[in-house]
Amino acid sequence: MEEFVNRIKNECQTLADLEKIRVEIFGKKGILSEGFAKLKYIPEDEKKEFAALLNKQRDELGALIETRKSELSELEVALKMKSEAVDVTLFNEPISTGALHPVMATMDRIIEYFMLQNFSLETGPLIEDDFHNFEALNLPKYHPARDMQDTFYLNDFRLLRTHTSPVQVRTMLANKPPIRMIAPGTVFRRDMDLTHTPMFHQVEGLIVEDGDKVSFANLKSMLEQFLKHMFGDVKVRFRPSFFPFTEPSAEVDISCIFCQQEGCRVCKHTGWLEVLGCGVVDPNVFKAVGYKNVSGYAFGLGVERFAMLLHRVPDLRSLFEGDLRLMEQFK
Ligand code: PHE
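Computed from a predicted model, the values in this text were never measured in an experiment.

*Asks:* Mind showing me how you'd approach the overall build of the chain here?
*Replies:* Along the backbone of the chain there are eleven helices and nine strands. In summary, the chain has a C-alpha radius of gyration of 40 Å against a globular reference of 20 Å for 331 residues, an excess of more than 25%. Projected onto its principal axes, the C-alpha positions of the chain cover 125 × 50 × 45 Å. Burial statistics for the chain: of 331 residues in total, 41% are counted as buried. Surface accessibility of the chain: about 19,700 Å² in total, with carbon and sulfur atoms responsible for 55%. Taking the 41 positively charged and 49 negatively charged side chains of the chain as two groups, their mean positions are separated by 3 Å.

Here it is as structure tokens:
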């Protein structure tokens, strides 16, 4: 008895220790159970006294254990609090996070829009050959329209693609109609001034259906919805234009988002901003990829142009200088 009292009060330092002692006393093979089991061998006249003693020990030890248990659990909580304490006054090194480049963020927005409209995402090589970049797009050798796109040539007659339109050709060669695709990517032209950089990004779109299912009207409503999604409540205008791979072709303008058509520097006082090129796919393109009895339309847009308009960046070149002061504003 003495021994147990001492162990409970002084020796045991954790709830687990205490539990061990409790089992030694109260467990099935504990000393109390053994004591009560012995009762039946005890002479009748001593039985009462012995039983009373056992009961007393049971009550006292039980109470002792309960008391120690609450002491120990308080102690354990206190220890835990101490070891897990957080010093909220500690100096915290600020974490510097990156941000998506505005051109990539804009590209993602455009891609997301078309993915939700069930367009597939296609890619092609940056180094192209004459066939995919020009010939198959109705731009035969020595055709003057090739001058529309100043080209970087490699020594082996290959070239850096001047637009994403070769991905149209590759996708049609590899698949049967119908086609419903976009092709985002990097393109290259020998050009450098306030509004041109030798490397920039385009998103191409192409829809091809069997028969004469699609028309310029479909193209028009599809692009109108897209441009309203990107720029909000703008007016959209289609202007006749020329691309060798589309006929008819159009350039698309939106009403100036900077001056509400009052006239400003960005729209050069015209009230309109040119945002993309498009048209009904020229039959010669379908011929080059072996498609018969189909109709389709295509469009191509410059992602930098969209990013500049959406984020009001005045000089295209600043998007490529990697100046952190500019980039930090896009977090
Ligand atoms: N490829 C054209 C360009 O880079 C854009 C375009 C694509 C126009 C598809 C019409 C159809 O200027």
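Moving on, there is more to tell.
*Asks:* In this structure, what is going on with the site of the ligand? I would like to understand it.
*Replies:* Lining the immediate surroundings of the ligand are 15 residues, of which H163, S165, R189, Q202 and E204 lie closest. S165 places a side-chain nitrogen or oxygen 3.0 Å from a nitrogen atom of the ligand. One of the side-chain nitrogen or oxygen atoms of R189 is found 2.9 Å away from an oxygen atom of the ligand. Protein coverage of the free-state accessible area of the ligand, which is 330 Å², stands at 92%.

*Asks:* Can you walk me through the pattern of salt bridges in this structure?
*Replies:* Pairing is possible between side chains of opposite charge, provided their charged atoms come close. Per the counting criterion, the structure on display carries 17 salt bridges. For R239, the salt bridge goes to E274, with nearest N and O atoms at 3.8 Å. Here E274 lies in strand β8 (residues 272-281) and R239 lies in strand β6 (residues 236-243), a separation of 35 residues in the sequence. Looking at R239, the relative accessible area reads 26%, which means it is partly exposed.

*Asks:* It is not clear to me how the pairing of strand β9 (residues 294-302) should be interpreted in this structure. Could you clarify?
*Replies:* Put simply, side chains in a regular strand alternate between the two faces of the sheet. Of all nine residues in β9, eight are buried, a share of seventy percent or more. Two elements, β8 and β9, share five bridges in a ladder whose sense is antiparallel. Across the sheet, residue G277 finds its bridge partner in β9, namely G300.

*Asks:* I keep staring at the side chain of H163 and nothing clicks. Help me out?
*Replies:* Tracing the backbone shows H163 in the loop between β3 (159-160) and α7 (165-174). The exposure class assigned to H163 is buried, which follows from its relative accessible area of 2%. A polar contact of 3.1 Å, which involves the side chain of H163, links it to the backbone oxygen of N133. For H163, the side chain forms a polar contact with the side chain of S165, separated by 3.4 Å. In this structure H163 touches N133, L137, Q149, V187, R189, Q202 and F245, once residues within four positions along its chain are discounted.

*Asks:* Just to check I follow, could you spell out helix α5 (residues 102-116) for this structure?
*Replies:* The first and last C-alpha atoms of α5 sit 21 Å apart over 15 residues, in line with the 21 Å expected at 1.5 Å per residue. For α5, every residue scored as buried is listed here: P102, V103, T106, M107, I110, I111, Y113 and F114. The positive-phi residue at the C-terminal boundary of α5 is N118, with phi of around 70°.

*Asks:* I'm lost on helix α1 (residues 2-11) in this one. Help?
*Replies:* The α-helix winds at 3.6 residues per turn, so residues separated by three or four positions along the chain end up facing the same way. Inspection of α1 places F4, V5, R7 and I8 among the buried residues, and these make up the whole buried set. Along the axis of α1, the buried positions cluster into a sector of 165°, meaning they face one direction only. Exposed positions of α1 whose direction lies more than 90 degrees from the buried face are E2 and E11. Where α1 is buried, its residues contact α2 (15-26), α3 (31-38) and α4 (44-83).

*Asks:* When you look at the sheet that holds strand β5 (residues 199-210) in this model, what are you seeing that I'm missing?
*Replies:* Picture the strands of a sheet paired through backbone hydrogen bonds; they go either parallel or antiparallel. Taken in spatial order, the seven strands of this open sheet run β1-β4-β5-β9-β8-β7-β6, and their pairing is mixed. Strands at the two margins of the open sheet, each flanked by one partner only, are β1 (120-121) and β6. Examined bridge by bridge, β5 and β9 share nine bridges and lie antiparallel to one another. Residue pairing across strands places V203 opposite L301, the latter belonging to β9.

*Asks:* I'm lost on the UniProt feature "binding site: Mg(2+)" (unreviewed entry) in the chain in this one. Help?
*Replies:* Feature annotation in UniProt places "binding site: Mg(2+)" (unreviewed entry) on E247, given in this structure's numbering. Counting through the fold element by element, E247 comes out in strand β7 (residues 246-255). Looking at E247, the relative accessible area reads 46%, which means it is partly exposed. Among residues more than four places away in sequence, those in contact with E247 are V280 and D282.

*Asks:* For this particular structure, what's the right way to read the domain arrangement of the chain?
*Replies:* Taken domain by domain, the chain consists of domain 1 (2-90) and domain 2 (102-330). The C-alpha-based centres of domain 1 and domain 2 are spaced at 82 Å.

*Asks:* Hey, could you run me through the packing of helix α8 (residues 216-231) against helix α10 (residues 303-311) in this one?
*Replies:* Between two packed helices, the angle of one axis relative to the other and the distance separating the axes together describe the packing. Look at α8 against α10: their axes get within 11 Å of each other, and the N-to-C directions meet at 45°. In terms of their interaxial angle, α8 and α10 are classed as oblique. The residues of α10 that touch α8, namely those facing F226, L227, M230 and F231, are F306, L309 and L310. When grouped by side-chain class, the residues that make up the contact of α8 with α10 number seven nonpolar, no polar and no charged.

Reading guide: rules and limits
- Residue numbers run consecutively from 1 along every chain, following the written order of its sequence.
- Only residues with pLDDT of 70 or above have their local features reported here, since the model is predicted, and side-chain atom pairs are shown and tallied only from 80 upward, although totals for entire chains, interfaces and linings are computed over all residues.
- Hydrogens and water are ignored here; the side-chain numbers use all heavy atoms of the structure.
- In DSSP terms, a helix is any run of H or I states spanning at least four residues, a strand is any run of E spanning at least two, and both are numbered starting from the N terminus.
- Radius of gyration here uses only the C-alpha atoms, and the compact-globule reference equals 2.2 Å multiplied by the residue count raised to the power 0.38.
- Each residue gets one of three labels from its accessible area relative to the maximum for its type: buried under 20%, exposed over 50%, partly exposed in between, using a 1.4 Å probe on protein chains only.
- Methods summary: accessible areas were calculated by the Shrake-Rupley approach with a probe of 1.4 Å, and residue burial reflects only the protein chains presented.
- Under the counting rule used here, the positive set is Lys and Arg, the negative set is Asp and Glu, and His together with the chain ends is not counted.
- For this purpose, a charge sits on NZ of Lys, CZ of Arg, CG of Asp or CD of Glu.
- Whether a residue is near a molecule or strand depends on its heavy atoms: it is near if one of them lies within 4 Å of it.
- For this analysis, a polar contact is any N or O atom pair within 3.5 Å, provided that within protein one partner can donate a hydrogen and the other can accept it, and provided that sequence-adjacent residues contribute only side-chain to side-chain pairs.
- Put simply, a salt bridge is a Lys or Arg side-chain nitrogen that is within 4 Å of an Asp or Glu carboxyl oxygen.
- Strands are labelled as partners when DSSP assigns at least two bridges between them.
- By the convention used here, residues are in contact when the closest approach between their heavy atoms is within 4.5 Å.
- To estimate how far a helix should reach, multiply one less than its number of residues by 1.5 Å.
- What the arc covers is the set of directions going from the helix axis to the C-beta atoms.
- UniProt positions are given in the numbering used here, feature names are shortened, and annotations may be inferred rather than shown by experiment.
- Source of the domain bounds: an automatic or database domain assignment.
- An axis is simply a line fitted to the C-alpha atoms; with a helix, the fit covers only the stretch in contact. Between two such axes, the angle follows the N-to-C directions and lies from 0 to 180 degrees.
- We call two directions roughly parallel when the angle between them is under 35 degrees, roughly antiparallel when it is over 145, roughly perpendicular when it lies between 65 and 115, and oblique otherwise.
- Charged means Asp, Glu, Lys or Arg here, nonpolar means Ala, Val, Leu, Ile, Met, Phe, Trp, Tyr, Cys or Pro, and polar covers whatever is left, Gly included.

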